[in-house]
Structures are given as structure tokens and as C-alpha cells.
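Chain by chain, the residues run as shown.
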Amino acid sequence: MSDTEVNKNNTKMSGQRVLHVDSRNYYGGNWASFSFSGLLSWIKENQQKTDINDECEDWRRLILENEEVISLSKKDKTIQHVEDFCFGDQDSAEDVEEAGALPKLPVFGASGAEGVAQESEKESPPVESALPEVESVEPEKATGTEPASAMEGNDTEITSENESSHSGALGESPLESGKTEAAPSEISAQEPKKITYSQIVREGRRFNIDLVSKLLYSRGLLIDLLIKSNVSRYAEFKNATRILAFREGKVEQVPCSRADVFNSRQLTMVEKRMLMKFLTFCLDYEQHPDEYQDYENSTFAQFLRTRKLTPSLQHFILHSIAMVSETDCSTLEGLQATKKFLQCLGRYGNTPFLFPLYGQGEIPQCFCRMCAVFGGIYCLRHSVQCLVVDKESGRCKAIVDHFGQRISANYFIVEDSYLSESVCTNVCYRQISRAVLITDQSVLNTDSEQQVSILTVPPVDLGKPAVCVIELCSSTMTCMKDTYLVHLTCPSTKTAREDLEPVVRKLFNLNTEKETDSEELEKPRVLWAVYFNMRDSSGVDKNSYDGLPSNVYVCSGPDSALGNDCAVKQAETIFQEMFPTEEFCPPPPNPEDIIYDEDEIVPEESGFSNSAEAKPESSTKEGSSGDSTAVKKEDNEE
């Protein structure tokens, strides 16, 4: 989720006028989700890195003598080292097309009614809407019909705090109550169905592949924001069903809730008591400073060794519950991370995490829809040449787009990737290593095929980052039946392939040859894979950018963290700097209570409301919302 999207929605609901322009032909920027064919097009585009030609070369005539310009980047340099591989049966897929192609949908325009009426372009039938139930908002009744795959996955309804008071931090999930999974050894091995590359291409519209892989903490900032703003009515979520650990070369399930701990066959009775005692301490560790204050300067891993925990319990807590580094995380940071994990248990399911159906790219689209309801204007394939700055005041006055049109505003929000190298001379970026795999089996087979799993693979060498693995099943509406979509993420030390391929080889079978050893045959088989590095600009301070006016705000792309707290905090910070007396993302009024003034309606001659480029058609359901240059529009100068 981009803070650009939150701010667009928030400024519109606060009575401001918003124009969003994006040079890409899909919504979402680096937060987007793609169908399989859309991802292949994205891969080709980033491997070629073609320059964008200016459509208007005489735009400089619009610049006055007392003005100067800050040119924007013509090329997206946030994605590097893109490599894709096909490991499946490579039958000819040249003439294969995606089945069930749907007509192209127009992007959201100035009309709020149009913005809500447009249905997301999905292959599957609509699932039942998950509407928020907030104290001051009457929940709507959903009438949709759930597909079988979604029903198997126990889709989750986002509700307010008082709806989930019956579940404690270590309590048993209401969705999992009374269920105990069979041990992997009891499950008969089933031969996976043979999936060919042409089948993946043909069923490509069933894939919704995220460029950035994240989960939502059930008591995180984003969930609270979705409920408060009523934006959650546009999305539906699925519980992450299990937390996994990789230890001694094997994948095993980590017990989280009280019921999981006491039903676990991996732990002895003594270990169960040890684990419950430590987790109970972590929930209110602030009340017992005498137990940890002597280790405040130690790492969390060192602190765990003093708690009389077995090596397996230390491993579970460090890598699968706290999910922190073994070498860089302090004791207090580890305790805070463990407490956050435990507090999120039981609110919506048996784990702390939720995943949005149809992919992470749905979240920014939800905010876009809410903004469109209140008249926000969106323009794709609409690049910006420069920012126009007044020499005397030093404030930004306008932008000039690729049509040679000058658009004035009071505030400007620019995504980091649009800034030129001259502005970013002193900026030092981090990088994220990403891999996306399509596999034929789960990393840990159980009696249920519909599992959403998160696994942290510890580094082999100390000082290297751990790798976060998120495995999605078909009931998340992100992949075709009989396949799994696997996301791998870690902070970069080298290229994405160099960082992540060793982990891929530990967990999966990459061999294309028919004859291989029995150990490899037991692993899930990778059918297709892509590796790429993505820029992480989340930690860059605004003062690091050279010469930016005070009314130009920079938002970052995705960070490497599992949750979305960074984007939400950044969005709130930017909004409060622009409008310090306004509430951030207030609950929206009922549509029937909204009264529009005539002078607030953008006139037809404004230059972009009826422009041919104002409402271009999106190529497919390849992205889910804008994440680029956002301009809060006040007036338009021809």
C-alpha cells in the first residue's frame, strides 16, 4: 500500500481537489499486481529499459522569467537485475492466449459514481464482500456468491475491536476451533498434477502476482486505518493459516496459539510449559523490567539463551514469532516484536496475519475507489515533464505535463522514482531482493491444500539477512488451481538471484531432468521463476533531496518489512504537514448526505477532465492503483 494512495483518499475526503497522474499504463507502480501475461510484459519492459520520448518539445515556452524548473526522470530505475526462468515442460506456448479474456476497463475518472460502478477485472466470480463493522457505521449486507475455492479458505471479515473481544492474544481462533491438523507423516503422498507452461499461459488471468510481498498484521496500523476510513468495504481478506520454520533442513509448523501449543506433537510437555511461560511474560514484559534490564545491551538471541529455552524453542521464537535478526536485534526490539505478534493472535484467525484476496495490489486500489467516490481524477499514461518553481518564494507553483499543459496546485506529492538524478545526488538507497515462483506443491503438505503460509529461512552465514517466504494457495485468487505462488523477500546484499537462489534450492526442486535423487523428488517442483531487485527508498529523509521546494512531498516505494506500518506512518506525516488541523482519514459520510457545490465541479474546458488521455483504457487487470506523481489540484492554467 502506498502512502500516495492514502493521501489522495484523505485529501479528497477532507474537501480538497485531487489530480493523480501516472506515466505508467497500469495502477500501483511498484505496489501493483499483475496477471501472468501482464507480468511477462512488465519483465520485458524492465529488461529493455527503453527511454520515454517527449511528446511535446516546446513545453519550455510555458516557463516565465521569474520561474525555474526541476526536471523529472523519464525512466524508471527502481527495478534492476530482472531474470526469469521456465522450469516446467516447455511445450510451445507461442499461440496460446489467456482464456476468458475480458473487455478492457476504463480507469477511474472524475465521476465518483463511475469509480464505484466499475467492477474489478477478475477471472473468478465475485466473492462475498467483507464489510467493516465500525461502531458508528451500520454494516451492509453482502449478497455475492462465494466460489468453492474461496469458501475453502475461510475468508475473513474485517470488524471493529468489540467484535473480536472473545479472542485473546494467546486464545484459540474462532475459525480454527476444534480443528487439529494431521501430522505430515499421516498424510498419504499424492502425485502432483503435471502442469505445463502453456497451461500457465492459458490460465494466466487466474494469477494476481504482487511485485511486493506483504501481509497485514491483524492489529496493525493498516487494519485500523481500513476500518476507521470504511475503505475495507472494498476488499476481502483471507487468514494466513500457518507459521512455518526451517530447521535442520526441514520445514515444520510452529505452534502459535494456546491450542496449537498443547496440540503440538513436535514439542515435549516440558517444552510446552516453557514456551507458554515465556510467551505470557512477553505479553506484559514492561511490568517485569528486572527480568530483562540486565540484557538491554545484548541481542535478543543472547537473551533467549538465558531463559532456559531449548534450542528448538529459541529458533521458533527468534525466526518465526519475533521474526528478527539473530545478530542485529536488541533484547527490547525482540520483546516488542514478540508482543506485537502475540497481540495480533486471535483477532481474525489462528495467526496474526491477513492477506487480501486478489493480491496486495488490491489495498491501494481500495483507497483509489474511495477517492473516486468523492471526485478524484486519475490519468494513466500521463507523464510529467517538470515541476515549476517560483524563484522568489521558492515554492512549487505548477507542473507541465507531456502534452505541454501547465497545471497549477498548492501541494505536490511525488513518488521517489520520478525524481531525477540531479535531485537525488546525495541519496543512498537500499535494495530489496525479490523472487516469485510458481510451484506444483506446498513446501509442507497437509490434509488441506488451501494454506497460506509464512516461513522465515535463517541465514547460513551470520550477518546475512534472513529470507521471508510467503506461500499462497489458489483460494487467495492469486494463482491457478493445483499450483502455489511463492514470494521470497530479503534486503539485498547482491543481485536478487544470488541472494535468493540458495534458499530456493533448499526448499524446491529446480531440476528439469527426469532422473534425479529421491530427496529432490520429495520437494515441490518450480515451474516458473523470476528474480529482480527493487529500490527501497523508505528510509530516505526529505532533506537528502537537493533543491526540493517546501510544498513538494516525497513518498517512498515499498520497504522490505513484512507489514505496512511504514507506508501508513509516512502518509499520516505528509498529510499532517499539509493540513495540521485536519483529521487523518476520517470516516466518510454516507453518499446520500453529500451535497456538491456547482463551483467544485471541474469544468469541461479545464484541460484534462474530458481529455482523451484523462480516462485511458487500462490494458488488463495488471495493476491495482496509482503510485506515482500525485498533485492536489487547485486550478488549471492553459
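All values derive from a computational prediction rather than experimental measurement.

Colleague: Is there a simple way to think about the overall build of the protein chain in this case?
Modeller: Assigned secondary structure in the protein chain consists of 15 helices and 22 strands. Every one of the 638 residues in the protein chain was classed for burial, and the buried ones make up 57%. Within the structure as shown, the protein chain displays about 27300 Å² of accessible surface, and the carbon and sulfur contribution to it stands at 46%.

Colleague: Which parts of the structure should I look at to understand the packing of aromatic side chains?
Modeller: The description of two aromatic rings rests on the distance between their centres and on the angle between their planes. Counting across every chain of the model gives 18 aromatic pairs. A centroid spacing of 6.1 Å and a plane angle of 70° characterise the contact between F85 and Y531, whose relative ring orientation is edge-to-face. Of this pair, F85 sits in strand β4 (residues 79–86) while Y531 sits in strand β20 (residues 526–536), and the two are 446 residues apart along the sequence. Residue Y531 is classed as buried on the basis of its relative accessible area, which comes to 0%.

Colleague: What's the story with the pattern of salt bridges in this structure? I'm lost.
Modeller: Pairs can form between side chains of opposite charge once their charged atoms are near each other. Per the counting criterion, the structure on display carries 20 salt bridges. Notably, a salt bridge pairs K339 with E286, separated by 2.9 Å at the nearest N-O pair. Of the two residues, K339 is situated in helix α11 (residues 331–344) and E286 in the loop between α8 (269–283) and α9 (300–305); the sequence distance between them amounts to 53 residues. By relative accessible area, which is 16% here, K339 ends up buried. For E501, the salt bridge is made with R505, and the minimal N-O distance between the two is 4.0 Å.

Colleague: What's the story with the pairing of strand β21 (residues 552–555) in this structure? I'm lost.
Modeller: The side chains of a regular strand alternate, first on one face of the sheet and then on the other. Going residue by residue along β21, you find V552 and V554 tucked away on one face and Y553 and C555 tucked away on the opposite face as well. Where strand β15 (residues 406–415) and β21 come together, four bridges link them in parallel fashion. Looking at β21, one finds that I413 is bridged to Y553.

Colleague: Looking at this model, I keep getting lost on the sheet that holds strand β18 (residues 467–472). Mind explaining?
Modeller: In a beta sheet, neighbouring strands pair by backbone hydrogen bonds and run either parallel or antiparallel. If you walk across this open sheet you meet the eight strands as β4-β20-β16-β19-β18-β17-β9-β10, and the pairing is mixed. Both edges of this open sheet fall to β4 and β10 (250–253), since each of them pairs with a single strand only. Put simply, the sheet's adjacent strands are angled 20° from each other on average, direction ignored. Note that strand β17 (residues 453–457) and β18 share five bridges and pair antiparallel. By the bridge assignment for β18, L455 is matched with V469. Sheet contacts for helix α2 (residues 36–48): β4, β16 (430–439) and β20; angle to β4, the most-contacted strand, approximately 130°. Strand contacts of helix α13 (residues 496–507): β4, β9 (242–247), β10, β16, β17, β18, β19 (484–491) and β20, with the helix running at about 145° to β20, the strand carrying the most contacts.

Colleague: Could you clarify how one ought to interpret the layout of surface pockets in this entry?
Modeller: Within this model, the second largest pocket holds a volume of roughly 1100 Å³. Around the second largest pocket, the lining comprises 38 residues; the ones closest to its centre are A322, M323, V324, A561 and L562. Elements with a minimum of two residues in the lining of the second largest pocket: α10 (311–321), α11, β18, β19 and α15 (565–578). Broken down by element, the lining of the second largest pocket gets its largest block of residues, five residues, from α11. Of the residues that constitute the lining of the second largest pocket, the class distribution is 19 nonpolar, 10 polar and nine charged.

Colleague: Could you clarify how one ought to interpret the packing of α8 against α10 in this entry?
Modeller: Angle between the axes and distance between the axes: these two values describe a pair of packed helices. Orientation of α8 relative to α10, taken along the N-to-C sense of each, is 40°, at an axis distance of 10 Å. Here α8 lies oblique to α10, going by the angle between them. In the packing of α8 onto α10, the handedness of the crossing is right-handed. Contact residues: α8 offers E271, M274, L275, F278 and L279, while α10 offers S312, L313, I317 and I321.

Colleague: How should the side chain of D440 be read in this particular structure?
Modeller: Take D440: it is sitting in the loop between β16 and β17. One buried charged residue, D440, forms no salt bridge at all, with the nearest opposite charge on R525 at 5.0 Å. Of note is the side chain of D440, whose polar atom sits 2.8 Å from the backbone nitrogen of R525.

Colleague: Is there a simple way to think about the nonpolar core in this case?
Modeller: Nonpolar side chains in soluble globular proteins tend to end up buried together. If you look at the biggest cluster of nonpolar residues, it comprises 72 residues, and the most contacted ones within it are F36, L39, W42, F278, F300 and F353. The leading source of residues in this core is α8, at six residues. Dropping the residues within four chain positions of it, F278 is found in contact with F300, F303, L304, R307, L309 and I317. The next biggest cluster of nonpolar side chains, apart from the first, holds 30 residues, and it includes I223, V231, V373 and M578.

Colleague: Any chance you could explain the packing of helix α6 (residues 221–229) against helix α12 (residues 362–373) here in plain terms?
Modeller: Their axes nearest at 12 Å, the elements α6 and α12 cross at an angle of 25°. Taken together, the axis directions place α6 and α12 in an arrangement best described as roughly parallel. The interaxial crossing formed by α6 with α12 has left-handed handedness. Facing L222, L225, L226 and S229 of α6, the residues of α12 in contact are I363, F367 and M370. For the contact of α6 with α12, the class distribution of residues is six nonpolar, one polar and no charged.

Colleague: It is not clear to me how the pairing of strand β14 (residues 396–401) should be interpreted in this structure. Could you clarify?
Modeller: When you tally the buried positions in β14, you get five out of six residues, the bulk of the element. Here strand β13 (residues 384–390) runs beside β14; their pairing, made up of five bridges, is antiparallel. Each bridged residue has a counterpart across the sheet, and for V384 the counterpart in β14 is D401. Counting the residues between successive antiparallel strands, the hairpin from β13 to β14 contains five residues, one of them, G394, with a positive phi of roughly 75°. Bridge count between β14 and β15: three bridges; the pairing is antiparallel. Bridging from a neighbouring strand, V400 pairs with R406 of β15.

Colleague: Quick question: what am I supposed to make of the side chain of E471 here?
Modeller: Assignment of secondary structure puts E471 in strand β18. Residue classification places E471 among the buried positions, given a relative accessible area of 2%. Of the polar contacts made by the side chain of E471, one reaches the side chain of S442; its length is 2.7 Å. Sequence-distant contacts of E471, that is, excluding residues within four places in its chain, are made with R242, Q441, S442, V443, Q451, V452, S453, Y484, L485 and V486.

Colleague: Please clarify how α15 should be interpreted in this entry.
Modeller: With 14 residues, α15 ought to run about 20 Å at 1.5 Å a step, and its terminal C-alpha atoms sit 20 Å apart, in line with that. Looking only at α15, the buried set comprises A567, V568, Q570, A571, I574, F575 and M578. Projection of α15 onto a plane perpendicular to its axis shows the buried side chains occupying an angular sector of 165°, all on one side.

Colleague: Even after reading the chapter, I still don't get unusual backbone geometry, so can you show me in this structure?
Modeller: Most peptide bonds take the trans form, and the phi angle of most residues other than glycine is negative. Here Y358, not a glycine, exhibits a phi torsion of approximately 75°, which is positive. Within the element layout of this structure, Y358 appears in the loop between β11 (353–356) and α12. Non-glycine residue C585 carries a positive phi angle of around 50°. Examined against the element boundaries, C585 turns out to sit in the loop between α15 and β22 (629–637).

What counts and what doesn't
Residues numbered from 1 in each chain as written. Predicted model: local features only at pLDDT ≥ 70, side-chain atom pairs only at ≥ 80, totals over all residues. Heavy atoms only, no water. Helix = DSSP H or I, 4+ residues; strand = E, 2+ residues; numbered from the N terminus. Buried < 20%, exposed > 50% of the residue type's maximum accessible area, 1.4 Å probe, protein only. Areas by Shrake-Rupley, 256 points an atom, 1.4 Å probe, with all protein chains shown as cover. Phe/Tyr/Trp six-rings, centres within 6.5 Å; stacked < 30°, edge-to-face > 60°. Salt bridge = Lys/Arg side-chain N within 4 Å of Asp/Glu carboxyl O. Pairing = 2+ DSSP bridges. Axes fitted to C-alpha atoms, helices over the stretch in contact; angles between N-to-C directions. Contact = heavy atoms within 4.5 Å. 1 Å grid on protein atoms, 1.4 Å probe; cavity = no way out; pocket = protein on both sides within 12 Å on 5 of 7 lines; lining within 4 Å. Points joined across faces, edges and corners; volume = space filled by probe spheres on them. Nonpolar A, V, L, I, M, F, W, Y, C, P; charged D, E, K, R; others polar. Parallel < 35°, antiparallel > 145°, perpendicular 65-115°, else oblique. Left-handed = near helix turned anticlockwise from the far one by under 90°. Lys, Arg positive; Asp, Glu negative; His and termini not counted. Polar contact = N/O pair within 3.5 Å; in protein donor to acceptor, adjacent residues only side chain to side chain. Core = buried A, V, L, I, M, F, W, Y, C linked by side-chain atoms within 4.5 Å. Expected span 1.5 Å × (residues − 1). Arc of directions from axis to C-beta.

By themselves, these figures tell us nothing about what the structure is for.
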